Amino acid sequence: MRRLGLVTAMASLGAGLLVGLPASAAAAATPAITWGKCAVSGPDDPMNQAECAQVPVPLDHDKPNGRKISIAISRIKATDRANYQGVLLVNPGGPGGSGLAYSAGLARWLTAVGHAETAARYDIIGFDPRGVGSSEPAISCDPGYFTPVRPDYNVTTAAQEKAWLDKSKAYADACAEKYGWMLPYMRTTDTARDMDVIRRALGQDKISYYGFSYGTYLGATYGTLFPTRVKRMVLDGNVNPKEVWYQSQLSQNVAFERNMKLWWRWIAKYDSLYHLGATEEAVEEKYYEIRAAAKKKPIGGMVGPSELDDIMLTAAYSTGWYQLLATALSDWATEQDPELLLALVNPGGEDNDFAVYNAVQAADAKWPKQWSTWHRDAVRTYPKAKFITWNNVWFNAPIHFWKVKGGPALKPKGKGLPGVLLVQSELDAATPYQGGLEMHKALPSSRLVVELGGKTHSNTLNGNACLDDKVAAYLNDGTLPPSKKGPDAYCQAVPELNDPDPLAARTMAATRVPGKDLPIGIR
């Protein structure tokens, strides 16, 4: 997932604080909001239509008059005041994903799929969770941590494993040195309580919420702590609440392996275009040949085996990346042209999302104390999930050395919640299908819509009218599918989006609805 005594006390929230908070938290003064212009990239930036502000919140919500940090928020105001539905907060996932631009983003996506009327009814609120992006402070531990070329993820010797362990420990130590004062307060429950401060600052009795990926766990956490403050809630690409967070990595490994093989099969179908192999097995073999060569001599001096894995992993998140990534791989394999690969590699220099990812997941839940457990599980999983097993290990390894240790994770409970709309793609790799089923059980008032055959992570507002119409109907007036045993409704994945035809790319470019930016999506 691309996720102390103080934490132990908060870990009991799931059992003891389902409808209320300590009196000290309730006594916190409601902050005033001063709206102003947002920082924009240019005249065409959709955020030109938004307004931005900072909302002060307590570092420790149990000490409301103590040290303050601030949360960056943005707003696209409702234009249909006659049908005004209140505020709609949106979170893109992570943990660590910046949501500030999602006010304009969500309005744009709703409009693009034919539901401008839905966006017009809400004040859409984007926000950067604590420690993220434009919120203050924004955590960054080692800006050069991802600078290429990094060691190969797939360790084969004790010395190689130690090198990664040393690198991971150094990162955790840097975080503790720079932000040790903040790390105990980076739990999902802390962010949920920040959301309630935002609600009060906006003068709202209730909020609606739209969460993608990790944002589903954040939304469910808010609903658990503040059920009477929820009006409507859409959760897309659901975290399995039984696997927060270590076990979720192991489930992801197998799901990502499946989706990589689906992509390799798709490439093979168009071998006349990509020349990487005429069968799934041939394409996979070719990929690992390229990877082995990149280990000996990094592509363009920047893309070693780990960088190559990170770039290509994106195909397992979203079919919208199929063509670009296949072209990048083909350009290098057939013409030794590294231009596209070099454009896609992360040059390093910014690690805010990674720092917050580790901080939240470490503080949220218990992780195995012994490295031997991590190692044993990786060795056991690798034969059936070769592509990402060790990648996932090293993405999360700083948590093993984190100075703040989490207690039992909060288990979402739906007591007191109004109807909630859950959406789950059947072949989602970042948040595997079982997560939708388990979240449905955890939130009894929810309705679950499944995208059959869908391979893209958190795929609402991306051109599947069956999904998008159900989301819009719910946000418009609370309409939900009738309750049934198991999933409550089904939508078929759209063939031309789920398995794009690169030979029809020119036609598709003119007709396809632009997709969401790729969420960090619990990684």
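For the structure itself, consult the block above.
Residues numbered from 1 in each chain as written. Predicted model: local features only at pLDDT ≥ 70, side-chain atom pairs only at ≥ 80, totals over all residues. Heavy atoms only, no water.

Enquirer: Which parts of the structure should I look at to understand the overall build of the chain?
Expert: Helix and strand counts for the chain stand at 21 helices and ten strands. The C-alpha radius of gyration computed for the chain amounts to 22 Å, which stays within 12% of the reference 24 Å derived for 523 residues, consistent with globular compactness. Principal-axis analysis of the C-alpha atoms places the extent of the chain at approximately 65 × 50 × 50 Å. The buried share of the chain, taken over its 523 residues, is 60%. For the chain, the accessible surface area stands at approximately 19800 Å², while carbon and sulfur atoms represent 54% of it. Of the side-chain charges in the chain, 56 are positive and 53 negative, and the distance between the mean point of each set is 8 Å. (Helix = DSSP H or I, 4+ residues; strand = E, 2+ residues; numbered from the N terminus. Rg over C-alpha atoms; globule rule 2.2 N^0.38 Å. Buried < 20%, exposed > 50% of the residue type's maximum accessible area, 1.4 Å probe, protein only. Areas by Shrake-Rupley, 256 points an atom, 1.4 Å probe, with all protein chains shown as cover. Lys, Arg positive; Asp, Glu negative; His and termini not counted. Charge placed at Lys NZ, Arg CZ, Asp CG, Glu CD.)

Enquirer: Explanation requested: unusual backbone geometry in the structure shown.
Expert: Both trends apply: most residues other than glycine have a negative phi, and most peptide bonds are in trans. Cis geometry marks the peptide bond from Glu 136 to Pro 137; its omega dihedral reads 0°. Assignment of secondary structure puts Pro 137 in the loop between β5 (122–128) and α6 (158–179). Residues Val 244 and Trp 245 are joined by a peptide bond in cis, for which omega reads -10°. Summarising the element assignment, Trp 245 is placed in the loop between β7 (230–236) and α9 (246–269). Of note in the backbone geometry, Gln 336 takes a positive phi value of approximately 55° without being a glycine. By the element assignment, Gln 336 lies in the loop between α13 (322–335) and α14 (339–344).

Enquirer: Where do I start with the packing of aromatic side chains in this structure?
Expert: The full count for this structure, using the stated rule, is 32 aromatic pairs. Here the aromatic rings of Phe 146 and Phe 354 are separated by 4.9 Å at their centres, their planes lie at 85°, and the arrangement is edge-to-face. One end of the pair, Phe 146, is in the loop between β5 and α6; the other, Phe 354, is in helix α15 (residues 352–364), with 208 residues separating them in the sequence. Comparing Phe 146 with Phe 354, the two get one shared label, buried. Here the aromatic residues Tyr 153, Trp 164, Tyr 246, Trp 367, Trp 371, Trp 374, Trp 390 and Trp 394 are joined through ring pairs into a cluster of three or more. Taking NZ or CZ as reference, Arg 67 lies 3.7 Å from the ring centre of Trp 181, over its face. (Phe/Tyr/Trp six-rings, centres within 6.5 Å; stacked < 30°, edge-to-face > 60°. Lys NZ or Arg CZ within 6 Å of the ring centre and 35° of its normal.)

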